[in-house]
Amino acid sequence: MAHRIITQVLLIGTRAVGRAFVEAYRQHTASTAYTAATAAGRVGSSQTSDSITRKNNGLTLDEACKILNVPPPKQGEANMEEMMERFKRLFDANEPKAGGSFYLQSKILRARERIEQQVREDKEKMEREKELEEGWKPKVYKDR
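Residues numbered from 1 in each chain as written. Predicted model: local features only at pLDDT ≥ 70, side-chain atom pairs only at ≥ 80, totals over all residues. Heavy atoms only, no water.

Asks: An account of empty space enclosed by the protein is needed here, citing residue identities and associated values.
Replies: Tallied over the full model, the rule gives 1 cavity of 30 Å³ or more. Contributing to the lining of the largest cavity are Val70, Pro71, Ala78, Asn79, Met83 and Ile115. Class assignment of the residues belonging to the lining of the largest cavity gives a composition of 5 nonpolar, 1 polar and no charged. (1 Å grid on protein atoms, 1.4 Å probe; cavity = no way out; pocket = protein on both sides within 12 Å on 5 of 7 lines; lining within 4 Å. Points joined across faces, edges and corners; volume = space filled by probe spheres on them. Nonpolar A, V, L, I, M, F, W, Y, C, P; charged D, E, K, R; others polar.)

Asks: An account of a nonpolar patch on the surface is needed here, citing residue identities and associated values.
Replies: Taken together, the side chains of Met1, Ile5 and Val9 define a hydrophobic patch exposed on the protein surface, amounting to about 350 Å² of accessible area. For Val9, the location among the structural elements is in helix 1 (residues 2–39). Assessed through its relative accessible area of 55%, Val9 is described here as exposed. (Patch = residues over 30% accessible without salt bridge, like charges linked within 9 Å, V, L, I, M, F, W, Y side chains within 5 Å. Areas by Shrake-Rupley, 256 points an atom, 1.4 Å probe, with all protein chains shown as cover. Salt bridge = Lys/Arg side-chain N within 4 Å of Asp/Glu carboxyl O. Helix = DSSP H or I, 4+ residues; strand = E, 2+ residues; numbered from the N terminus. Buried < 20%, exposed > 50% of the residue type's maximum accessible area, 1.4 Å probe, protein only.)

Asks: Explain the pattern of salt bridges residue by residue, including any values.
Replies: Applying the stated rule across the entire model yields 5 salt bridges. In this structure, Arg26 engages Glu23 in a salt bridge whose closest nitrogen and oxygen atoms are separated by 3.9 Å. Here Glu23 and Arg26 lie together in helix 1, a separation of 3 residues that amounts to about one turn. Residue Arg26 is classed as exposed on the basis of its relative accessible area, which comes to 55%. Using a relative accessible area of 38% as the deciding quantity, one classes Glu23 as partly exposed. Between Arg86 and Glu82 there is a salt bridge; the shortest N-O distance is 2.9 Å. Of this pair, Arg86 and Glu82 are both found in helix 4 (residues 80–93), 4 residues apart, which corresponds to roughly one turn of the helix.

Asks: Tell me about helix 4, and name the residues and values.
Replies: For an α-helix, the turn length of 3.6 residues means that residues three or four places apart are oriented alike. Here helix 4 spans 20 Å end to end across 14 residues, near enough to the 20 Å set by a 1.5 Å rise per residue. By the burial criterion, the buried members of helix 4 are Met83, Arg86 and Phe87. The buried residues of helix 4 occupy an angular sector of 105° when the element is viewed end-on, so they sit on one face. Opposite the packed face of helix 4, turned more than 90 degrees from it, sit the exposed residues Glu81, Asp92 and Ala93. Buried residues along helix 4 sit against helix 3 (61–68) and helix 5 (102–134). (Expected span 1.5 Å × (residues − 1). Arc of directions from axis to C-beta. Contact = heavy atoms within 4.5 Å.)

Geometry only, nothing functional implied.
Next up, the structure:
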């Protein structure tokens, strides 16, 4: 009699745990597929680069420019002095020791990093395009 009860409890417990694992696997698979689709730009944002950037950094270029109140960089050119001046002013104004917000301070820092990243990527892209236009000219160093 006791062995019957123990067997039933084990079977019911195993079935419940098995169903939980199957459901967790389904959720994981769906989440992974959604993340991959978002990174590829097929879901949500229409701009692929911004969705990938959001995954890496957490901010799009538009959000970063709005936070620091600067115009977006055009073709690798931005007024970095103005951006740094606004960054320093906002960063210092949100100092947690002076009663500011650590969250806002971190958003301001991420905004500056995002704009710098965009300027750097645009400059590299322009240099590659210029090199392709002119043709590849390797730098040759002669031994002394």
